[in-house]
Amino acid sequence: MFTGIVEELGEIVLVTATAGDSALVAVRGPLVTSDARHGDSIAVNGVCLTVVEVADGTFTADVMGETLRRSALGALRPGDPVNLERAAALGSRLGGHLVQGHVDGVGELISREPAEQWETVRFRLPAALSRYVVEKGSITIDGVSLTVAEVGADQFAVGLIPTTLKLTTLGAKGVGDPVNLEVDVLAKYVERLLGARLTDGPTGPVGGVAALDGVA
């Protein structure tokens, strides 16, 4: 589990194709590797990867074909910057929101509108994810926890402050660039519960006000 607060702007060192359609990725990140061990989780542009080896401020991770297909990691090349975050520790502050590191889909940056103190950036949204995105709700873009400022049928916008523009990859993204999107997991759980209630009816396992109160 992560919080969407980027700890370090790292760099892709090597991408090596392995058996099947998977890959071994090496990422430089002195901060996130300072206490990393084999088996630890580190989010790379919002994708939870498992550390295989650590050496000299660089870690390697296996990336399955499914991950490459469902995220924008497959487009990364040596030298590309990436947002890095270590898994959250119990008892630490939750600065962003609950982020699983499981990418739901790939969006596309479609416009940037600079302002004096911030920048409004708009992204195209896959149709299957639109129902989970609401104004003032949370969304994760390339591992960065952000608040939705505007939402439409197939797009949404966020406001980026100078710190986010400087310390994450979002500051250098151009129109047409792909981004990893993870919607708020709470929205998916609510949909699942309400869908089951409608299917089962008022006497079903999650039907009725009392059952919903119990779940809450």
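Being a predicted model, the structure only gives us computed values, none of them experimental. Residue numbers run consecutively from 1 along every chain, following the written order of its sequence. Side-chain atom pairs in this predicted model are given and counted only at pLDDT of 80 or more, local residue features only at pLDDT of at least 70, and totals for whole chains, interfaces and linings cover all residues. With hydrogens and water stripped out, all remaining heavy atoms of the structure feed into the side-chain values.

## A closer look at the overall build of the chain
When you go through the chain residue by residue, the secondary structure sums to four helices and twelve strands. The globule rule puts the C-alpha radius of gyration for 216 residues at 17 Å, and the 19 Å found for the chain is close to it. Dimensions of the chain along its principal axes, counting C-alpha atoms only, are 60 × 45 × 40 Å. Summing over all exposed atoms, the chain offers an accessible surface of approximately 11400 Å²; the carbon and sulfur share of this is 56%. For the chain, the distance from the average position of its 17 positive side-chain charges to the average position of its 27 negative side-chain charges is 2 Å. By the criteria applied, helices consist of DSSP H or I runs no shorter than four residues and strands consist of E runs no shorter than two, each listed in order from the N terminus. The globule rule is 2.2 Å times the number of residues to the power 0.38, and the radius of gyration it is compared with is taken over C-alpha atoms. All accessibility values rest on the Shrake-Rupley procedure with a 1.4 Å probe; residue burial counts only the protein chains present in the view. Asp and Glu count as negative and Lys and Arg as positive, but His and the ends of the chain are not part of the count. We put the charge of a Lys on NZ, of an Arg on CZ, of an Asp on CG and of a Glu on CD.

## A look at empty space enclosed by the protein
Residues are said to line a cavity or pocket when one of their atoms sits within 4 Å of a point; the points come from a 1 Å grid over protein atoms alone, cavities being sets where a 1.4 Å probe fits but cannot get out and pockets being open sets with protein on both sides within 12 Å along at least five of seven lines. Grid points are joined across faces, edges and corners, and a volume is the space filled by probe spheres set on the points. Overall, the coordinates contain two cavities of 30 Å³ or more when judged by the stated rule. The space that makes up the largest cavity amounts to roughly 70 Å³. Considering the residues around the largest cavity, the lining is formed by I12, V15, A23, V25, V44, L49, V63, L68, L73 and L76. Counting residues per element, the ones that place at least two in the lining of the largest cavity are β1 (8-17) and β2 (23-28). For the lining of the largest cavity, a count of residues per class yields ten nonpolar, no polar and no charged. Reported here for the second largest cavity is a volume of approximately 30 Å³. Taken together, V6, A43, N45, G46, N83, L84, E85, D142 and G143 make up the full set of residues lining the second largest cavity. The element that contributes the greatest number of residues to the lining of the second largest cavity is strand β6 (residues 81-86), accounting for three residues. When its residues are assigned to classes, the lining of the second largest cavity shows three nonpolar, four polar and two charged. Ten residues, namely Ala, Val, Leu, Ile, Met, Phe, Trp, Tyr, Cys and Pro, are considered nonpolar, four, namely Asp, Glu, Lys and Arg, are considered charged, and the remaining ones, Gly among them, are considered polar.

## Here's the deal with unusual backbone geometry
Notably, D56 is not glycine yet its phi reads approximately 55°, a positive angle. Take D56: it is sitting in the loop between β4 (47-55) and β5 (58-63). The backbone of K136 sits at a positive phi, close to 70°, despite the residue not being glycine. Locating K136 in the fold gives a position in the loop between β8 (119-124) and β9 (138-141).

## Topic: the pairing of β8
A regular strand places its side chains on the two faces of the sheet in alternate fashion. Across the six residues that make up β8, a large majority, five, are buried. When strand β7 (residues 105-114) meets β8, the two strands line up antiparallel, connected through six bridges. Looking at the pairing, E113 lines up with T120 of β8. When DSSP locates at least two bridges between a pair of strands, those strands are taken to pair. Across six bridges, β8 lies against strand β11 (residues 155-160) in antiparallel orientation. Looking across to β11, one finds that V121 is bridged to V158. Each residue is assigned to one of three classes by its accessible area relative to the maximum for its type, calculated with a 1.4 Å probe on protein chains only: buried under 20%, partly exposed between the two thresholds, exposed over 50%.

## What to know about the pattern of salt bridges
When a carboxyl oxygen of Asp or Glu lies within 4 Å of a side-chain nitrogen of Lys or Arg, that pair is called a salt bridge. Applying the stated rule across the entire model yields 13 salt bridges. Among the salt bridges present, the one from R86 reaches E7, with a minimum N-O distance of 2.7 Å. Of the two residues, R86 sits in strand β6 while E7 sits in the segment before β1, which places them 79 residues apart along the sequence. In this structure, D21 and R69 form a salt bridge, with 2.3 Å as the shortest nitrogen-oxygen distance. Of this pair, D21 sits in the loop between β1 and β2 while R69 sits in helix α1 (residues 65-70), and the two are 48 residues apart along the sequence. When salt bridges with common partners are traced through the structure, they connect D21, E66, R69 and R70 into a single cluster.

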